[in-house]
Amino acid sequence: MKFQYSEKKVKLPQNVHAYAEKKVMKLARYFEEDAEALVVFSVEKNRNNVELTVHGAGTWFRAKESTSDMFASIDAAVGTIEGQIRKNKTRLARRLRQDAFTRTVDVTSFAEEEREDEYHIARVKRFQMKPMTKEEAILQMNLLEHSFFAFRDQENGGVFSVVYRRNGGDYGIIQEIE
């Protein structure tokens with residue numbers, strides 16, 4: 001597994017990077033050798049934030065955790081991603097390493113296996129997508145009080161786009177690659 005580290009508003013000693021690498025390597029059993037991990041460390045309002053992104057087998061996993069201790073944040077982020085993998089293990093089994101979910105002799109667990117949730121589509125909406133500008137799409141999204149809005153971007157040749165409201169209050173756009 002390849003590692004990248006980024007630090008925002010904080011300078012950490014090397015032992016924190018080594019600890020993060022050791023903990024994230026627990027996830028290596030699920031991935032092939034070419035998997036990549038990006039660990040972003042930051043401090044805001046006396047909270048130690050860790051954002052962990054793991055990319056392998058064409059699948060992205062992301063976890064963001066915030067605690068009063070950087071080591072605890074690393075542990076929580078790794079635990080979150082491990083939970084995501086376990087929850088979706090049958091769906092991911094074809095993508096991840098073939099022997100990732102086989103039990104070894106030294107691992108014993110008396111806990112029941114979690115039943116996998118099925119994806120249930122409750123509603124299908126169909127609508128005409130009219131070409132519009134990004135500003136018109138944001139206005140329409142706000143008028144509908146939605147957190148996202150799909151449209152054809154008039155300024156970019158009518159490519160399929162989605163505008164969404166970000167956590168900070170500003171907006172983001174996802175666009176189809178032509």
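Right above here is the structure, for reference.
A brief look at the structure comes next.

1. Points about the environment of Glu33
Within the element layout of this structure, Glu33 appears in the loop between helix H1 (14-24) and strand E2 (36-44). The exposed category is assigned to Glu33, whose relative accessible area is 68%. For the pair Glu33 and Gly56, spaced 23 residues apart in sequence, the C-alpha separation works out to 8.7 Å.

2. Topic: the nonpolar core
Within the largest apolar cluster, 25 residues are counted, with the highest numbers of intra-cluster contacts made by Met1, Leu27, Phe31, Phe41 and Leu52. Among the elements of the structure, H1, E2, strand E3 (47-56), strand E4 (59-67) and helix H2 (70-87) are those that each provide at least two residues to this core. Looking at this core element by element, the count peaks at 6 residues for H2. Once residues within four sequence positions are removed from consideration, Met1 is found in contact with Val24, Met25, Leu27, Ala28, Phe31, Glu33, Ala35, Ala37 and Val54. Membership of the second largest hydrophobic core comes to 6 residues, among which are Met132, Ala137, Met141 and Phe151.

3. Observations concerning H2
With 18 residues, H2 extends 26 Å from end C-alpha to end C-alpha; this agrees with the ideal 26 Å at 1.5 Å per step. Along H2, the residues that are buried comprise Met70, Ser73, Ile74, Ala77, Val78, Ile81, Glu82 and Ile85.

4. Section: the sheet that holds E4
Taken together, the 4 strands give an open sheet; going across it, the order is E1-E2-E3-E4, and neighbouring strands pair in mixed fashion. On the outer flanks of this sheet lie strand E1 (2-8) and E4, each paired with one strand and no other. Within the sheet, the average angular offset between the axes of one strand and its neighbour, ignoring direction, is 15 degrees. Lying over the sheet, H1 contacts E1, E2 and E3, oriented at roughly 135 degrees with respect to E1. The sheet contacts of H2 involve E2, E3 and E4, and relative to E4 the element is tilted by about 145 degrees.

Cut-offs applied
- Residues take numbers from 1 onward in each chain, read along the sequence in its written order.
- Restriction of local features to residues with pLDDT of at least 70 applies here, the model being predicted, together with a cutoff of 80 or more for giving and counting side-chain atom pairs; totals for whole chains, interfaces and linings are based on all residues.
- Just so you know, side-chain values use all the structure's heavy atoms and leave hydrogens and water out.
- A run of H or I in DSSP becomes a helix once it reaches four residues, and a run of E becomes a strand once it reaches two; helices and strands are each numbered from the N terminus.
- Whether a residue is buried, partly exposed or exposed follows from its accessible area with a 1.4 Å probe, protein chains only, as a fraction of its type maximum: under 20%, in between, or over 50%, in that order.
- Here, nonpolar core means buried Ala, Val, Leu, Ile, Met, Phe, Trp, Tyr and Cys residues that are tied together by side-chain atoms lying within 4.5 Å of each other.
- Residue contacts follow a heavy-atom distance rule, with two residues in contact if any of their heavy atoms lie within 4.5 Å.
- A helix is expected to reach a length of 1.5 Å times the quantity of its residues less one.
- DSSP-based pairing: two strands are paired if at least 2 bridges between them are found.
- Angles shown run from 0 to 180 degrees and are taken between the N-to-C directions of axes, each axis being a line fitted to C-alpha atoms and, for helices, limited to the stretch in contact.

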